[in-house]
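# Notes for the structure review
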Amino acid sequence: MKSGWRLQIQTGCTNTKAQVSQILKYCNSRCLAVVPQGGNTGLVGGSVPVFDEVIVNMSLMNNIISFDKVSGILVCEGGCILENLITFLDNQGFIMPLDLGAKGSCQIGGNVSTNAGGLRLVRYGSLHGNVLGLEVVLADGNVIDMLGTLRKDNTGYDLKHLFIGSEGSLGIVTKVSILTPPKLFSVNVAFLACSDYFSCQKLLMEAKRKLGEILSAFEFLDSKSLDLVLNHLDGVRNPLPPTVHKFYILIETTGSDETYDRQKLEGFLLHAMEAGLISDGALAQDINQASSFWHIREGIPEALMKAGAVYKYDLSLPVEKMYDLVEEMRTRLSDSANVVGYGHLGDGNLHLNISTAQYDDGILTQIEPFVYEWTSKHHGSISAEHGLGLMKANEIFYSKPTATVSLMASIKKMLDPKGILNPYKVLPHS
Ligand code: MLT
Ligand code: ZN
């Protein structure tokens, strides 16, 4: 049904918040633990049961409820797959403010619950800024309607923020209202090589200053990450001549004026080349080449999985210190592992991954707690965007003071006194 600029889309859906509410009411009354599950694409075990929990999978709550073309506000159910929302919005001339490699399976409710970051946070900001409202079912089955569609609303505590990033430990997200930007048609992607990490940092500073409002992604990978992709993924080619460079940067610009944007990017690249910041580079000539550049960056996690066992760390660190950790880890592990660094340089987010033939307790003790201590010493975060889930819950104190964790535990106790929602996740087990 269409009314003016507002599309009212929802059909008679069969799975509803009332059912989620009934399930939680029942489980709460019998002290049955529950794991809320979206696309199950998380990387820290946040959506998997540990013992005998009941899984509440949200896949069938996948209706788009409304879309307002004037404001760009989309309201949908928590089980909508991110890629389906991207496709829906594309047809309306809009985009999601969030994009990640797992878009084909991850769900918006899970994205919100984990405060997923992704590839374009540098441009559009985090979900704390883009989510305007939520409908959430609490552990006791109560439905909390915070599904506002207002950009401004200063009437008391903004409780939706408690649920963004709480990884299903405080409630199940059943509906989301999100602000979406218009789709701009002039997109350019460059794949660049840098000979040292200092040049990557300088390039980031220059890109922010010179590309300004059109910069939409600034991603980096080291040569070991590129090797993994070239060796383990079919059909991936290095867009640059086969000289070995230490670092690679993917820059994307998105704007509304093709000629102006292209000139701006070309001018920036020329300047960076002359200043010696980039040693080589390729500018995508069409959309296929642009997506092949993206495929290199987005393919790294898959290549790592194919290479064998992998120890994954997702860290926020001051940009100037970030790569020191990768190098120190290489020195620590010498030849026993392949240590790779890639991530969202524009957001100060390093994905440190350690690839080995198989899991080995000896290697793990070389990595942890060193990696957490190092991050804490440099005032970083031990989880930039993947959450704590089950795997990192006990490490929370490396990033949060005791008093803060105690307050988090009190909030958990108040909203879920029987502790049925996603037990053993987020908060330390002991
Ligand atoms: C990425 O940026 O590719 C993701 O966060 C996934 C990962 O690091 O495995
Ligand atoms: Zn990432």
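Note that the structure is predicted; figures quoted are calculated from it, not measured. (Residues numbered from 1 in each chain as written. Chains lettered and ligands numbered in written order. Predicted model: local features only at pLDDT ≥ 70, side-chain atom pairs only at ≥ 80, totals over all residues. Heavy atoms only, no water.)

### Remarks on the overall build of the protein chain
Each helix and strand counted, the protein chain has 15 helices and 16 strands in total. On C-alpha atoms alone, the protein chain measures out to a radius of gyration of 22 Å, which is about the 22 Å that the 2.2 N^0.38 rule sets for 430 residues. Residue burial in the protein chain is summarised as follows: out of 430 residues, 51% are buried. Expressed as a percentage of contacts within the protein chain between residues at least 6 apart in sequence, the contacts between residues at least 24 apart total 74%. As presented, the protein chain carries roughly 19400 Å² of accessible surface, and 54% of it is formed by carbon and sulfur atoms. Looking at the protein chain, you have 36 positive and 44 negative side-chain charges, and the mean spots of the two groups are 5 Å apart. (Helix = DSSP H or I, 4+ residues; strand = E, 2+ residues; numbered from the N terminus. Rg over C-alpha atoms; globule rule 2.2 N^0.38 Å. Buried < 20%, exposed > 50% of the residue type's maximum accessible area, 1.4 Å probe, protein only. Contact = heavy atoms within 4.5 Å. Areas by Shrake-Rupley, 256 points an atom, 1.4 Å probe, with all protein chains shown as cover. Lys, Arg positive; Asp, Glu negative; His and termini not counted. Charge placed at Lys NZ, Arg CZ, Asp CG, Glu CD.)

### Details of the site of ligand 1
Taken together, the residues surrounding ligand 1 are L43, R297, P301, K312, Y342, H344, H351, E385 and H386. Here an oxygen atom of ligand 1 sits 3.1 Å away from a polar atom, N or O, in the side chain of H351. When ligand 1 is considered free in solution it has 270 Å² of accessible area, and contact with the protein chains removes 84% of it. Grouping the constituent residues of the shell around ligand 1 by class yields three nonpolar, three polar and three charged. (Near = heavy atom within 4 Å. Polar contact = N/O pair within 3.5 Å; in protein donor to acceptor, adjacent residues only side chain to side chain. Nonpolar A, V, L, I, M, F, W, Y, C, P; charged D, E, K, R; others polar.)

### Quick look at the coordination of the zinc ion (ligand 2)
At 1.9 to 2.1 Å from the zinc ion (ligand 2) lie its protein donor atoms, namely H344 (NE2), H351 (NE2) and E385 (OE). Coordination of the zinc ion (ligand 2) draws on donor residues from a single chain, spaced H-x6-H-x33-E in sequence. Residue H344 is located in strand β15 (residues 338–344), and its partner E385 is located in the loop between α14 (370–377) and α15 (402–415); the two are separated by 41 residues in the primary sequence. The exposure classification of H344 matches that of E385, with both residues buried. (Donors = N, O, S within 2.8 Å, 3.2 Å for Na, K, Ca; no water.)

### Comments concerning the domain arrangement of the protein chain
Domain annotation of the protein chain identifies domain 1 (64–179), domain 2 (186–300) and domain 3 (308–386). Between the C-alpha centres of domain 1 and domain 2 the distance comes to 30 Å. Across the domain 1 to domain 2 interface the summed buried area is about 740 Å²; carbon plus sulfur atoms make up 48%. There are two salt bridges connecting domain 1 and domain 2. Among the salt bridges present, the one from K103 reaches E298, with a minimum N-O distance of 3.4 Å. (Domains from an automatic or database assignment. Buried area = accessible area lost by both parts, 1.4 Å probe. Salt bridge = Lys/Arg side-chain N within 4 Å of Asp/Glu carboxyl O.)

### Comments concerning the packing of aromatic side chains
Inspection of every chain in the model, using the stated rule, returns 14 aromatic pairs. Considering the side-chain rings of F191 and Y248, the 5.6 Å spacing of their centres and the 15° angle between planes classify their relative orientation as stacked. With F191 in strand β10 (residues 186–194) and Y248 in strand β12 (residues 247–255), the pair connects residues that are 57 residues apart, well separated along the chain. Like Y248, F191 is buried. The ring centre of F370 lies 4.1 Å from the NZ or CZ of R332, which sits over that ring. (Phe/Tyr/Trp six-rings, centres within 6.5 Å; stacked < 30°, edge-to-face > 60°. Lys NZ or Arg CZ within 6 Å of the ring centre and 35° of its normal.)

### Considering the side chain of H344
Under the relative-accessibility criterion, H344 is labelled buried at 3%. One polar contact links H344 to E219, side chain to side chain, over a distance of 2.7 Å. Beyond its immediate chain neighbours, meaning those up to four positions away, H344 contacts G118, L119, F218, E219, R297, N349, H351 and E385.

### Considerations on unusual backbone geometry
A cis amide bond links E368 to the next residue, P369, at an omega of 5°. Looking at the secondary structure, you find P369 in the loop between α13 (361–367) and α14. With phi around 50°, N115 is a residue other than glycine that occupies positive phi space. With respect to the helices and strands, N115 occurs in the loop between α3 (108–114) and α4 (121–124).

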